[in-house]
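Fold and contact review
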Amino acid sequence: MALFNFRRQEAAPAPAALEAFLNGYSIEVMPRTAEKVESFRDILPARTRVYVAHIEGTPIEEMVATAARLSTDGYTVMPHFPARIIKDKATLQNWVARYKDAGVHQALLLAGGVAQPVGHYQTSMQLLESGAFDGFDRLHVAGHPEGNKDIDPDGSDKMVMAAARWKSAFMERTDAQMAMATICFEAAPVIAWVDRLAAEGIKLPVHIGVAGPAKLQTLIKFAIACGVGPSLRVLQKRAMDVTKLLLPYEPTEVLAALAAHKAKNPGFGIEQVHFFPLGSIKTNAAWVTENGGASGVPANA
């Protein structure tokens, strides 16, 4: 399956399946990029879920200020909590309290990409068990369609799948509202992965993460940082074609394929689409609107 879809000369109506698939999309922002946005209300519909990415070294004050701004503007805010950069339980509780004061009641719990934890938290499972998020409306965790070599150095997905089963069991025994947030660049491997989750009894719905419109070079750097495998090789192969290198990437093809599969299989486990706005949040939001997507968080998400 071809990975890329480049800008059409003329805009065409978005397929109904893609419109439905994009309904209730979420998007991510970092404090330093949020500062450049004069008005989120000019870009995103009210109630859009906005993840606030916690980059190592970003002061918690900046994180909370970004969350407070978005919450005040009417957005559903979901900040990152990377376990490996949280010093101790007191720090975790302090962060949670600050966010609650800013109107936040959702969180994305991650292990984080730091090789050496700064404290005793190493996994999102430890954060879930901490009790610090009791009373939150929703908790998301990471999913890995292509595995993760930091978790499974042998190239398998044994530990990744074991963690997914644990998280699914946590959701069932606690009645927590949860989902798995991911990153992907191709449709076929994701479809196979989501079907495998269902076959293994993992009931966490998937919020599939895709890159928004961006330069190919930017996309490759992001893919490397995410540690993806097969998708990265496809990107690198495409980059060798000089005629394509300078053209902007759009996620139309991968999302259209997933949308078509979802339309034919309504029980398919992808619940929502999440965007990483690698070009800009304004460009990404405009692309979604052009393709029929409506935001605002659905009642079941």
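See the structure shown above.
The structure reproduced in this document is the subject of the present report. Counting of residues starts from 1 at the beginning of each chain's written sequence and follows it residue by residue. Note on the predicted model: pLDDT of at least 70 is required for a residue's local features to be given, and 80 or more for side-chain atom pairs to be given and counted; whole-chain, interface and lining totals, by contrast, use all residues. Note that water and hydrogens are dropped before the side-chain values are worked out from all heavy atoms of the structure.

Right, let's get into the sheet that holds strand β1 (residues 26-29). Backbone-to-backbone hydrogen bonds pair the strands of a sheet. The strands run either parallel or antiparallel. Two strands are said to pair when DSSP picks up at least two bridges between them. Elements are defined by DSSP. Helices are runs of H or I of four residues or more, strands are runs of E of two residues or more, and each kind is numbered from the N terminus. Spatial strand order, β1-β2-β3-β4-β5-β6-β7-β10: eight strands in a closed barrel with parallel pairing. Each strand axis lies, on average, 30° off the axis of its neighbour in the sheet, ignoring direction. Sheet analysis places strand β3 (residues 76-82) next to strand β4 (residues 106-110), joined by three bridges and oriented parallel. What sits directly across from F81, in β4, is L109. Note on contacts: a residue pair qualifies if any of its non-hydrogen atoms lie within 4.5 Å across the two residues. Angular values range over 0 to 180 degrees, each being the angle between N-to-C directions of two axes fitted as lines to C-alpha atoms, with helices fitted over their stretch in contact. Packing of helix α6 (residues 158-174) onto the sheet brings it into contact with β5 (138-142) and β6 (178-181), and relative to β6 it is tilted by some 155°.

A few words now on unusual backbone geometry. Unusually for a residue other than glycine, R47 sits at a positive phi of about 75°. Position of R47 relative to the elements: it lies in the loop between α2 (31-34) and β2 (49-52). Residue classification places R47 among the partly exposed positions, given a relative accessible area of 44%. A positive phi angle, close to 60°, is found at D175, a residue other than glycine. Assignment of secondary structure puts D175 in the loop between α6 and β6. Each residue is placed in one exposure class: buried if its accessible area under a 1.4 Å probe, protein chains only, is under 20% of its type's maximum, exposed if it is over 50%, and partly exposed if it falls in between.

Moving on: the pairing of β5. Most of β5 sits out of view: five of its five residues are buried. On the question of chirality, the crossover connecting β4 to the parallel β5 by way of helix α5 (residues 124-129) is right-handed. As judged from the four bridges shared by β5 and β6, these two strands associate in the parallel manner. Following the sheet pairing, L139 is matched in β6 by M178. For crossovers, right-handed means that the path from the first strand over the helix to the second runs clockwise, given strands pointing away from the viewer.

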